Amino acid sequence: MPVKENLGALRVRVTSAANAAGRKPEAIRLIAVCKQVEAANIEAAIAAGCAVFAENYVQEAKAKWTGLRARHTGLELQLIGHLQSNKAGDAVALFDCIATLDRPKLAHTLSAEMQKQKKRVALLIEVNIGDEPQKSGCGIDDVPALLKLARGELNLPVEGLMCVPPAAADPAPYFRKLAQLGKDYSLPRLSMGMSADFESAIAAGATDVRIGSALFGERVR
Ligand SMILES: *Cc1c(COP(=O)(O)O)cnc(C)c1O
């Protein structure tokens with residue numbers, strides 16, 4: 001699997017999308033999404049220069065990254081999948097950033113775990129930007145209250161917002177909506193855009209694009 005070539009092509013595309021939007025390419029981080037990707041392929045991505053990785057499941061991440069972390073320093077690992085409160089301890093121990101804070105109970109649990117482990121983990125609020133009933137994520141109208149609790153009362157390091165727009169629709173209006181929310185609440189980091197739509201996300205202001213299949217190849221499941 002030509003991870004190195006894929007990464008090179010992706011960097012070119014990120015740069016041209018940034019230039020087209022009048023933005024600095026360095027302002028956009030390419031995050032390698034490695035759900036279902038074996039450690040050997042992750043090693044290839046590390047060798048090719050990837051430094052930021054994301055996983056969807058705590059258990060899968062723990063199994064793969066305990067060894068990877070021991071072999072490589074200076075990497076950043078993010079959680080981009082739904083987090084159950086009972087896995088919050090493992091998540092705080094393993095990740096540098098949790099991008100799926102979406103409810104008050106989880107904010108309280110993460111706060112307690114960070115204190116217990118004496119570790120600060122950057123947080124993004126996941127917003128259910130298309131208001132889809134089957135999706136996790138905080139409702140748009142609930143963002144102010146969650147932010148007040150997490151940043152204001154619990155003093156958690158909330159740095160930005162994350163979203164996955166509805167699958168069937170043009171994502172651009174949803175990306176713009178998340179960017180507006182980020183402006184409204186002074187949250188500079190915007191994690192949005194995946195393999196199929198990251199250029200559109202960059203045009204709307206994405207700072208973190210999450211790329212899986214375009215880097216590692218199509219997933220089998
Ligand atoms: C799988 C996944 C991605 C990457 O998707 P690709 O289409 O493979 O690039 C990004 N974000 C989230 C939340 C995902 O679950």
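Above: the structure in question.
Residues numbered from 1 in each chain as written. Predicted model: local features only at pLDDT ≥ 70, side-chain atom pairs only at ≥ 80, totals over all residues. Heavy atoms only, no water.

(A) How the structure looks around helix α5 (residues 104-117). When the terminal C-alpha atoms of α5 are compared, their 20 Å separation across 14 residues agrees well with the 20 Å that a helix rising 1.5 Å per residue should span. Looking only at α5, the buried set comprises Leu-106, Ala-107, Leu-110, Ser-111, Glu-113 and Met-114. Where the residues of α5 are buried, they touch α4 (88-94), β4 (97-101), β5 (122-126) and α6 (143-153). (Helix = DSSP H or I, 4+ residues; strand = E, 2+ residues; numbered from the N terminus. Expected span 1.5 Å × (residues − 1). Buried < 20%, exposed > 50% of the residue type's maximum accessible area, 1.4 Å probe, protein only. Contact = heavy atoms within 4.5 Å.)

(B) The arrangement of the side chain of Gln-78 in detail. Relative to the assigned elements, Gln-78 resides in strand β3 (residues 76-79). Taking relative accessible area as the criterion, Gln-78 reaches 0% and is therefore assigned buried. For Gln-78, the residues in contact, after removing those within four places along its chain, are Arg-29, Ile-31, Val-52, Phe-53, Ala-54, Glu-55, Phe-95, Cys-97, Arg-189 and Asp-208.

(C) Structural view of the packing of α5 against α6. Look at α5 against α6: their axes get within 10 Å of each other, and the N-to-C directions meet at 10°. Here α6 runs roughly parallel to α5, going by the angle between their axes. Contacts between α5 and α6 involve Pro-104, Ala-107 and His-108 on the former and, on the latter, Leu-146, Leu-149 and Ala-150. In the contact of α5 with α6, the residues fall into five nonpolar, one polar and no charged. (Axes fitted to C-alpha atoms, helices over the stretch in contact; angles between N-to-C directions. Parallel < 35°, antiparallel > 145°, perpendicular 65-115°, else oblique. Nonpolar A, V, L, I, M, F, W, Y, C, P; charged D, E, K, R; others polar.)

(D) Quick look at the nonpolar core. Among the nonpolar cores identified, the biggest contains 66 residues, and Phe-53, Trp-65, Ile-98, Leu-110 and Met-192 are the most heavily contacted of them. For this core, the leading source of residues is helix α1 (residues 3-20), giving six residues. With near-sequence residues (within four places) excluded, Met-192 lies in contact with Cys-163, Phe-175, Leu-178, Ala-179, Ala-201, Ala-204, Gly-205, Ala-206, Asp-208, Val-209 and Arg-210. (Core = buried A, V, L, I, M, F, W, Y, C linked by side-chain atoms within 4.5 Å.)

(E) Quick look at the pattern of salt bridges. Applying the stated rule across the entire model yields 14 salt bridges. Residue Asp-90 pairs with Lys-62 through a salt bridge whose shortest N-O separation is 3.4 Å. Here the residue Asp-90 occupies a position in helix α4, and Lys-62 occupies one in helix α3 (residues 58-71), the gap between them amounting to 28 residues. On the accessibility criterion, Asp-90 (30% relative accessible area) is partly exposed. Taken together, the shared-partner salt bridges in this structure form one network comprising Arg-29, Glu-76, Glu-159, Arg-189 and Asp-208. (Salt bridge = Lys/Arg side-chain N within 4 Å of Asp/Glu carboxyl O.)

(F) Quick peek at the side chain of Arg-23. Tracing the backbone through its elements, the reader meets Arg-23 in the loop between α1 and β1 (29-33). Buried charged residue Arg-23 carries no salt bridge. Nearest counter-charge: Asp-208, at 8.2 Å. Reaching out from Arg-23, the side chain makes a polar contact with the backbone oxygen of Ile-202 at a distance of 2.9 Å. When residues no more than four places from it in sequence are discounted, the contact partners of Arg-23 are Ala-18, Ile-28, Ile-202, Gly-205, Ala-206 and Thr-207. (Lys, Arg positive; Asp, Glu negative; His and termini not counted. Polar contact = N/O pair within 3.5 Å; in protein donor to acceptor, adjacent residues only side chain to side chain.)

(G) Representation of the site of the ligand. Val-33, Lys-35, Asn-56, Ile-80, Val-164, Met-194, Ser-195, Arg-210, Ile-211, Gly-212, Ser-213 and Arg-219 make up every residue found near the ligand. Note that an oxygen atom of the ligand is positioned 2.5 Å from one of the side-chain N or O atoms of Ser-195. Contact with the protein chains covers 88% of the free accessible surface of the ligand, which is 390 Å². When atoms are counted within 2 Å of each cavity's grid points, the one that captures over half of the ligand is the largest pocket. Class assignment of the residues belonging to the shell around the ligand gives a composition of five nonpolar, four polar and three charged. (Near = heavy atom within 4 Å. Areas by Shrake-Rupley, 256 points an atom, 1.4 Å probe, with all protein chains shown as cover. 1 Å grid on protein atoms, 1.4 Å probe; cavity = no way out; pocket = protein on both sides within 12 Å on 5 of 7 lines; lining within 4 Å. Sits in = over half its atoms within 2 Å of the grid points.)

(H) Representation of the packing of helix α2 (residues 39-48) against α3. For the pair α2 and α3, the least separation of the axes is 11 Å and the interaxial angle reads 35°. The two elements α2 and α3 cross, and the hand of that crossing is right-handed. Between α2 and α3, the contacting residues are Ala-39, Ile-42, Glu-43 and Ile-46 on the first element and Lys-64, Trp-65, Leu-68 and Arg-71 on the second. Residue classes in the contact of α2 with α3 are distributed as five nonpolar, no polar and three charged. (Left-handed = near helix turned anticlockwise from the far one by under 90°.)

(I) Highlighting the layout of surface pockets. In this structure, the largest pocket spans a volume of roughly 370 Å³. In terms of lining residues, the largest pocket is bounded by 21 residues, among which Lys-35, Asn-56, Val-164, Met-194 and Arg-210 are the most central. A class-by-class count of the residues in the lining of the largest pocket yields seven nonpolar, nine polar and five charged. (Points joined across faces, edges and corners; volume = space filled by probe spheres on them.)

(J) Looking closely at the environment of Ser-136. Within the secondary structure layout, Ser-136 lies in the loop between β5 and α6. Setting aside residues no more than four positions away along its own chain, Ser-136 makes contact with His-82, Asp-102, Glu-126 and Asn-128.

Scope: geometric values only; no functional claims are made or implied.
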